[in-house]
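A look at the structure
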Amino acid sequence: MIKLYHGSNISIKQIDLSISRKGKDFGQGFYLSPDLQQARRMAQIAVEREDYGMPVVTTYLFDEKHLTEGNIRFKRFEAYTAEWAKFIVANRQNRTDTPIHDFDIVYGPIANDRVGVQVQRYVQRYIDVERLVEELKFIAPTFQYFFGTEKAIQLLQKI
């Protein structure tokens, strides 16, 4: 079992995927970090973005055996790669209700805050995918979990 943390500007009583924002790194879903400090930073960002609430970190337990056992569709990005960058671009550009992938859970690096500008530069072919990868890296790699389906959400135990 691992602990995962979700940073928000409100207390999470129950996860509701329908209110998740579109156009995020791995799509519309519920994002968690194995890094408590990262979750705290995300909570503060949420307060500043929404200009409402206060920083709240909610803790969940997750049994990683679900990633290899059972019928969970799982995608893992171990590092900043061209495949990861293209996946980020596709998800960031998707503002529809239809996901671009069918993974229940995705794990991989978080793109840095310059994502919007860099994605535009890539889409307009001012930079190639290798440059995009370099531009989207954090100084120190920071990873996140995406839970994008009700089946995946059921695997989280709030503590």
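Residues numbered from 1 in each chain as written. Predicted model: local features only at pLDDT ≥ 70, side-chain atom pairs only at ≥ 80, totals over all residues. Heavy atoms only, no water.

1. Here we look at the sheet that holds strand E5 (residues 105–109)
Reading across from one edge, E2-E6-E5-E4 is the order of the four strands in this open sheet, with mixed pairing throughout. Strands with a single pairing partner mark the edges of an open sheet, and in this sheet they are strand E2 (30–32) and strand E4 (74–76). Sheet twist, expressed as the mean angle between neighbouring strand axes with direction ignored, is 20°. Bridging between E5 and strand E6 (residues 143–147) involves five bridges; their strand directions are antiparallel. Note on E6: the bridge partner recorded for proline 109 is phenylalanine 143. (Pairing = 2+ DSSP bridges. Helix = DSSP H or I, 4+ residues; strand = E, 2+ residues; numbered from the N terminus. Axes fitted to C-alpha atoms, helices over the stretch in contact; angles between N-to-C directions.)

2. Focus on unusual backbone geometry
The phi torsion at aspartate 51 lies on the positive side, around 50°, for a residue other than glycine. Tracing the chain through its elements places aspartate 51 in the loop between helix H1 (36–50) and strand E3 (56–62). Positive phi outside glycine occurs at arginine 125, with the angle close to 65°. By secondary structure assignment, the location of arginine 125 is in the loop between helix H3 (115–123) and helix H4 (129–136).

3. Some details on the pattern of salt bridges
Considering all chains together, one arrives at nine salt bridges under this definition. Between lysine 22 and aspartate 97 there is a salt bridge; the shortest N-O distance is 2.9 Å. In this pair, lysine 22 sits in the loop between strand E1 (2–8) and E2 while aspartate 97 sits in the loop between helix H2 (82–93) and E5, placing the two residues 75 residues apart along the sequence. By sharing partners, the salt bridges in this structure join Arg73, Asp102, Asp104 and Lys151 into a single network. (Salt bridge = Lys/Arg side-chain N within 4 Å of Asp/Glu carboxyl O.)

4. Observations concerning the nonpolar core
If you look at the biggest cluster of nonpolar residues, it comprises 19 residues, and the most contacted ones within it are Leu4, Ile15, Phe30, Phe62, Ile105, Phe147 and Leu156. Take this core: its biggest share by element is three residues, from E6. Not counting residues up to four positions away in its chain, the partners in contact with phenylalanine 62 are Met1, Ile2, Leu4, Leu67, Ile105, Phe147, Leu155 and Leu156. Formed by 17 residues, the second largest nonpolar core is a distinct cluster that contains Tyr80, Val106, Val129 and Phe146. (Core = buried A, V, L, I, M, F, W, Y, C linked by side-chain atoms within 4.5 Å. Buried < 20%, exposed > 50% of the residue type's maximum accessible area, 1.4 Å probe, protein only. Contact = heavy atoms within 4.5 Å.)

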